[in-house]
Structure formats: structure tokens, C-alpha cells
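Okay, here's what each chain looks like letter by letter:
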Amino acid sequence: MTSTQTEIVATYHGIEVPNAPHLGQTMITNMNEGSYERREVQSALNFIKKGDKVVELGAGAGVVGAIAAKNCAPAKIVSFEVNHKLIPHVKALYKHNKIQSKIEVRNKIVLSEPTPPKTVEFFIGGDFLDSGMTITKGQDQAEKVSVPVATWDEIRKKVKPTVLLMDIEGAELEFFRHADLSGIRVIIAELHRHIYHRPGMREIRDGIAAKGFVEDRDASGGGVFVFTAVTEKTEQTDENKGIEADQST
């Protein structure tokens, strides 16, 4: 391998993953074995349709969004990641796989509260999985950075998303308390039971239901939950009834 060649450490659903400092061996092995974020990836592949506009909150290593961009033919994916150290590697991932026209990543945090601050503090741990607005281990050694805020209302008006894909490590409850979800037909969210416990999980699920969504229990599992807008569910049911009627004639 010459110095100009890119070292590919994993291939996952057609996405080649270049080597990067944040990719540990376990993560690389899981990608090659098809188990990395398996539930989230499978839900994205099953529910994101051609022409969808997707907002991804919590891009992380960028792999889940990249898989969706390559395989689901969305019109656009706009991803947000608060850890600035990941941004150049995520952009390199997109560029290597020639999907940068379909997906972009922004180093901002998205807040849905009515009067959000301009910036928030974020702690970056040695392992990017140990980073967050609050972390329980190693906060004294973590790098504290100020992250610019993007408001959900502004994003919703500009992007007009139809799918919300999110894994934001415990910030989901506050987001769903205030977020206007109009225009969204599918929510794919990893929810963290160990953070919320039963009351918080109930509040999230009941709150999403109150905004016109139903949980797809067949698709949900392993900490990843899929919610579809009631109109979307109704259309699918009517379509299935039509197919059954055609088959019975």
C-alpha cells in the first residue's frame, strides 16, 4: 500500500470504511461481521424510501448515515455530530464512498426547546463513545468544548425532513418534549433504558404517540424503536387490504 492509498478496514452494506483513530478493533470486527448498530442499520434500510429527506442526530462514526445514503436513495441526509474530532473522518468516509452529494455532516447540537442557548458545553472522552454533555467517568480528563446550537424549528423549516434518525446518547427525552414532529413520517431512535429507566422511557413513548405516531413493535427491538406517523400507518394498512382483496378475487 502506497502513502496515497486509503486503508480500508471494513466493508458494511456496500460502504467501505477507511481506517481512522476512533475505530477500535471491536467496532471494525462488528462492521465486517454485520453486527455494528445492526438494529439501527436494518431499520434505516427498511424504512427510508427513495426521495426521503432525512435528519440524522448523532452521526457518530458516520457509518449508519452513509449506509442509508448509499442504499436507500434519499433526496438528502443532513447529519449532526457534536464531537468535532469525528467530523473530518466522517467527511472522508462520505468522500471515499462518493456519497457527499447525498449526505453532509455538521458540527452542531440540535435542540428543540423554545429558547435554546447559542452554545452548549460538551465533554470529549478518550473513546468517542464516552463523550457527552455529561459523562459519568473521566470528566476531569475529558476535553471540554463549546458546541454551537442549531434549533430544530430552523432545521425542520429548511430541510423539511420526512425521516428522523437519531442516537444522541440520552438527550432524546428533552428533544421529544419540545420537538414539533409535523412532516415526519418515520422516527428511528435508539433509546437508552439505563439512562431513562421505566418512567423516562414511558414519557418518551407516550409523548411521541401524543404527536401522532404509533410504535412499530415488529421493527423495534434491541434498544432501537421505530415510530410511524398515523397517516403513514393508515396508508400501509389500506394498501395491504387492497392487495388482499386482489388476491381473493
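Refer to the structure printed above.
S.K.: Please give an account of helix 5 (residues 152-159) that cites residues and values.
M.R.: All of the buried residues along helix 5 are Trp152, Ile155, Arg156 and Val159. One side of helix 5 holds all its buried residues, which, seen down the axis, span an arc of 100°. Within helix 5, the exposed residues directed more than 90 degrees away from the buried face are Lys157 and Lys158. Buried residues belonging to helix 5 abut strand 3 (53-57), strand 4 (76-80), strand 6 (109-111), strand 8 (143-151), strand 9 (163-166) and helix 6 (172-178).

S.K.: Could you give me a rundown of the side chain of glutamate 190, with the residues and numbers involved?
M.R.: Its location among the elements puts glutamate 190 in strand 10 (residues 186-190). Look at glutamate 190: it is buried, it has no salt bridge, and the nearest opposite charge is arginine 193 at 10 Å. Residue contacts for glutamate 190: discarding those within four places in its chain leaves Glu37, Glu40, Met166, Asp167, Glu172, Gly223 and Val224.

S.K.: Outline the sheet that holds strand 3, listing residues and values.
M.R.: Read from one edge of the open sheet, seven strands run 5-4-3-9-10-12-11, paired in mixed fashion. The sheet is open, and its two borders are formed by strand 5 (103-106) and strand 11 (213-215), each paired with just one other strand. Averaged over all neighbouring strand pairs, the angle between strand axes comes to 20°, with direction disregarded. Alignment of strand 9 against strand 10, held across four bridges, turns out to be parallel. When the sheet's bridge partners are listed, leucine 165 is paired in strand 10 with isoleucine 188.

S.K.: Summarise the pattern of salt bridges; cite the residues concerned and give the values.
M.R.: Applying the stated criterion across every chain, the model contains 10 salt bridges. Salt-bridge contacts for glutamate 121 lead to lysine 144; the nearest nitrogen and oxygen are separated by 3.5 Å. Residue glutamate 121 is located in strand 7 (residues 119-124), and its partner lysine 144 is located in strand 8; the two are separated by 23 residues in the primary sequence. The shortest N-O distance in the salt bridge between lysine 158 and glutamate 154 comes to 3.1 Å.

S.K.: For the nonpolar core, give the residues involved together with the corresponding values.
M.R.: One finds Val17, Leu23, Met31 and Val63 to be the most contacted residues of the largest nonpolar core, which totals 41 residues. The leading source of residues in this core is helix 3 (residues 63-71), at six residues. Setting aside chain neighbours within four positions, we find methionine 31 in contact with Ala10, Thr11, Tyr12, Val17, Leu23, Tyr36 and Val63. The next biggest cluster of nonpolar side chains, apart from the first, holds 28 residues, and it includes Ala150, Leu164, Ala179 and Tyr196.

S.K.: Mind laying out the packing of aromatic side chains, listing which residues take part and the relevant values?
M.R.: Taken as a whole and judged by the stated rule, the model has three aromatic pairs. Between tryptophan 152 and phenylalanine 175, the ring centres sit 5.3 Å apart and the planes meet at 75°, which makes this aromatic pair edge-to-face. With tryptophan 152 in helix 5 and phenylalanine 175 in helix 6, this residue pair connects regions lying 23 residues apart in the sequence. Given a relative accessible area of 1%, tryptophan 152 falls into the buried group. Pairing phenylalanine 175 with phenylalanine 176 gives two aromatic rings, centres 5.4 Å apart and planes at 80°, and the pair type is edge-to-face. Of the two residues examined, phenylalanine 175 and phenylalanine 176, each falls in the buried class. An aromatic cluster of three or more residues is present, and its members are Trp152, Phe175 and Phe176.

Procedures and definitions
The numbers attached to residues start from 1 for each chain and follow its sequence in the written order. Local features in a predicted model are, by the rule used here, given only for residues with pLDDT of at least 70; side-chain atom pairs are given and counted only at 80 or more, and totals for whole chains, interfaces and linings are based on all residues. Side-chain calculation: all heavy atoms of the structure are included, whereas hydrogens and water are not. Using a 1.4 Å probe on the protein chains alone, a residue whose accessible area is under 20% of its type maximum counts as buried, one over 50% counts as exposed, and one in between counts as partly exposed. A run of DSSP states H or I qualifies as a helix once it reaches four residues; a run of E qualifies as a strand once it reaches two. Both are numbered from the N-terminal end. Relevant arc is that of directions from the helix axis to the C-beta atoms, nothing else. Contact definition: two residues touch when any of their heavy atoms are within 4.5 Å. A positive count includes Lys and Arg, and a negative count includes Asp and Glu. His and the chain ends are not counted in either. Here, a salt bridge means any side-chain nitrogen of Lys or Arg that lies within 4 Å of a carboxyl oxygen of Asp or Glu. Here, any two strands with at least 2 DSSP bridges between them count as paired. In this analysis an axis means a line fitted to C-alpha atoms, helices contributing only their contacting stretch, and an angle means the value between N-to-C directions, from 0 to 180 degrees. Residue types Ala, Val, Leu, Ile, Met, Phe, Trp, Tyr and Cys, when buried and joined through side-chain atoms within 4.5 Å, form a set referred to as a nonpolar core. We call Phe, Tyr and Trp rings a pair once their centres come within 6.5 Å, taking the six-membered ring for Trp, and we label the pair stacked below 30 degrees between planes, edge-to-face above 60, and tilted otherwise.

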